[in-house]
Amino acid sequence: MSVNNTHKINVLVYSGPGTTTESVRHVLYSLRRLLSPHYSITPITADTILKEPWQPSCALLIIPGGADLAYCRAFDGDGNRKITQYVRRGGSFLGFCAGGYYGTARCEFEPDDKVMAVVGPRELKFFEGTCRGAAFKGFAYASEAGARAMRVGVEVGEFEGEGKEEVPGEFTCYYNGGGVFVDADQLAKRNEGNKVTVLARYLDPLDVKGVGDAAVVHMKVAEGSVILTGPHPEFAGCNLDRNVGGKEYGELVDKVTEDHEKQAGFLKGMLRKLGLRVSQETYMIPKLTVLHLTSVYPEDVGSLLGNLRTAGLLTKEGDKEMIVAENDTFIYHKVIKTIHPHSTFQPSKFLTPYFSHSLYYKSLNTYRSQSRQSPSQFGSFLLYGEVITSTSTILDKNYSLLEKLPNGLTSIATMQISARGRGNNAWISPLGALGFSTILKHPMELSVQAPVVFVQYLTAMAIVEGIKTYAPGYQDIPVKLKWPNDIYAEDPSPPPPGYNPQKGPRYLKIGGILVTSTFTNNMFHLVIGCGINTANALPTTSLNLLLSSLNSQRRKKQPSATPLPSYQPERLLARILVVLEEFYNRFALLGFRPLEEAYYKYWMHSGQLVRLEMEGGARARVRGLTMDHGLLRAEEVTGEGEDERKTGRVFTLQSDGNSFDFFNGLLKVKT
């Protein structure tokens, strides 16, 4: 069995010290429009690059605009070694403006200005020359004083293959302080070092003389690929605030906006040259929609609103009633609706075309009636939005509201535009992904026999069990748990050439879990956030693709076999919530021990060999979990194959908390 790490789906955007908020915002906006749903475009911190195993799943690393000296302070030494190693082994790197300076062998910014000068060597040296700037006078930090709409000429012959017709001959884009890549044409003629290609040139007269006119350069660095820019082709005119400057700045915004399609064409060409798959249609980030508050018993919605009113969370302003919490204010009214409470009947398909409340509640009641435990809470209240920020954030960032909402209330969305993952990861969850968050209230007095840490394990079990017990025949869907909180599925695509079948099936991530906790009044208020690729084939695979593969296998064995229908998100959600409540009730009563074997039945790690760097590279095999803190228990081994022997040492292991692969950062727990 192997986890398929060759499927690189992460585009990582550095957002730590040195970057500007505007630069990061423009990068995220433009790349999400061009690369979704093929990739997850995620902002990361310096610690991510320095301490986490981000490289195996990274398709592109981006350093945006800002101040390059701060990048040096963050990454000189170990950070730059990791970035260089990643690129040389086949990774892709994109540096905009300050990121462009940073990717060269030498930065010379305003060398004759004693106040502004930033001059010195740089470690990455992807462009083995100097970037000198500012190309145009007038730059001022934290200001638009030096900004201009600048014309760029494109070397269209350097763009080949699919989409080359989209690359413009020239275009106008935003510029503010970028440099010129000195003597790039001479470096391009060399037969040694990194192969340089000029992709675009400044067309306007430069204030830096005798250095050439290279505005955007591409380098082949060993097995990897790098593009560095002086201007900002990623700055979209629609996101520029014309009010931050005078008349001239407004004219700049107009000029940049006019060439929006050409900018997008050039960006697409750059991304394809870096080896990325660009969306055929530009992806538009949708606007937030109305939230629909419902219940399996509609009259209970009115009771819930009454409880919130009594708690002082529901206030009136004019003809609007508002739920005011720490992070959000929710308005509901018969005309202007932000939350639409349905206290007499379920929403029609006209109101919620992408989610059938009637099917959901019918499925919930059916699965509950089949249970021996009479589950009655999880999923009884539903807060649904077609497009929301995050199903978790609207609950766990509004603490006073969270405390008053009922146990088991579930927030669900067809699309989340700021879905949350481990660390600070955030992304757009695509259509077809089942994303939901459920409130779980766990009394402190249960903490000894039923520690809170096991809730993530219960949830992972419930997701896998829910998928496999969705209906008869679905038990053969090949999904498993990856400790501690991910869901993996067997890759249904053909193996790559040369793949060794002795390694076993290849697995791809199709789901994840994030549990957050707030503690008040002797109660843990947990928000269990889940995301499952149900119908979206990208960026990895989905349950319905797995089902299609299973149906093909069934037809081979029995040609007359009726194909299993696709998973319906409403029904799958209902099944998972019923199973989760069953597991939780048993856990609260008896602890995790009675559920331990069921967990191991679904996980990927029994007997897995791990290497412990903190123990001098010691090798150990995973044997299970500890029942107190839910950590990994592993036995040290020596020897290989038939000569492998246990040493008698047992390690208790935890993750270093990285956001990419828990098994890539196991730490021994001191005992």
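Our subject is the structure listed above.
Residues numbered from 1 in each chain as written. Predicted model: local features only at pLDDT ≥ 70, side-chain atom pairs only at ≥ 80, totals over all residues. Heavy atoms only, no water.

Draft legend 1. A look at the overall build of the protein chain. A count of helices and strands for the protein chain gives 16 helices and 32 strands. In terms of overall size, the protein chain behaves like a compact globule, its C-alpha atoms giving a radius of gyration of 27 Å where 671 residues would be expected to give roughly 26 Å. Dimensions along the principal axes, computed over C-alpha positions, put the protein chain at roughly 80 × 80 × 55 Å. In the protein chain, which comprises 671 residues, the share counted as buried stands at 57%. For the protein chain, restricting intrachain contacts to residue pairs at least 6 apart in sequence, the fraction spanning at least 24 positions comes to 68%. Total accessible area on the protein chain stands at roughly 29100 Å², and carbon and sulfur atoms take up 50% of it. Charge separation in the protein chain, taken as the distance between the mean sites of 73 positive and 68 negative side-chain charges, equals 5 Å. (Helix = DSSP H or I, 4+ residues; strand = E, 2+ residues; numbered from the N terminus. Rg over C-alpha atoms; globule rule 2.2 N^0.38 Å. Buried < 20%, exposed > 50% of the residue type's maximum accessible area, 1.4 Å probe, protein only. Contact = heavy atoms within 4.5 Å. Areas by Shrake-Rupley, 256 points an atom, 1.4 Å probe, with all protein chains shown as cover. Lys, Arg positive; Asp, Glu negative; His and termini not counted. Charge placed at Lys NZ, Arg CZ, Asp CG, Glu CD.)

Draft legend 2. Examining helix H14 (residues 543-557) more closely. End to end, H14 covers 21 Å across 15 residues, agreeing with the expected 21 Å (1.5 Å per residue, within 8%). Within H14, the full set of buried residues consists of Leu543, Asn544, Leu546, Leu547, Leu550 and Asn551. Here the buried residues of H14 occupy an arc of 145° about the axis, which is enough to place them on one side. Against helix H13 (455-468), strand E24 (479-482), strand E25 (486-490), strand E26 (506-520), strand E27 (523-533) and helix H15 (569-590) lie the buried residues of H14. (Expected span 1.5 Å × (residues − 1). Arc of directions from axis to C-beta.)

Draft legend 3. Representation of the pattern of salt bridges. Enumeration over the complete set of coordinates arrives at 24 salt bridges. A salt bridge links Arg151 to Glu170, with the shortest nitrogen-to-oxygen separation between them at 3.7 Å. Of the two residues, Arg151 is situated in strand E9 (residues 148-154) and Glu170 in strand E10 (residues 170-175); the sequence distance between them amounts to 19 residues. The class of Arg151 is partly exposed, set by a relative accessible area of 35%. Among the salt bridges present, the one from Asp486 reaches Lys509, with a minimum N-O distance of 3.3 Å. (Salt bridge = Lys/Arg side-chain N within 4 Å of Asp/Glu carboxyl O.)

Draft legend 4. Looking closely at the sheet that holds strand E7 (residues 118-121). An order of E7-E6-E8-E11 is seen for the four strands of this open sheet, with the pairing classed as mixed. Unpaired on one side and paired on the other, E7 and strand E11 (180-181) mark the two borders of the sheet. Where strand E8 (residues 127-133) meets E11, two bridges bridge the pair, whose relative direction is antiparallel. Bridge pairing in E11 links Cys131 to Phe181. (Pairing = 2+ DSSP bridges.)

Draft legend 5. Spotlight on the side chain of Glu636. As for its placement among the helices and strands, Glu636 is situated in strand E30 (residues 632-638). Using a relative accessible area of 11% as the deciding quantity, one classes Glu636 as buried. Side-chain polar atoms of Glu636 contact the side chain of Thr647, separated by 2.8 Å. Every residue in contact with Glu636, bar those within four places of it in the chain, is listed here: Ala618, Arg619, Ala620, Arg645, Lys646, Thr647, Arg649 and Phe651. (Polar contact = N/O pair within 3.5 Å; in protein donor to acceptor, adjacent residues only side chain to side chain.)

Draft legend 6. Structural detail: the sheet that holds strand E5 (residues 92-96). If you walk across this open sheet you meet the nine strands as E3-E2-E4-E5-E14-E13-E12-E9-E10, and the pairing is mixed. Where the open sheet ends on each side, the last strands, each with one partner, are strand E3 (40-44) and E10. Adjacent strand axes in the sheet meet at a mean angle of 25°, parallel and antiparallel pairs treated alike. Note that strand E12 (residues 195-202) and strand E13 (residues 214-221) share six bridges and pair antiparallel. (Axes fitted to C-alpha atoms, helices over the stretch in contact; angles between N-to-C directions.)

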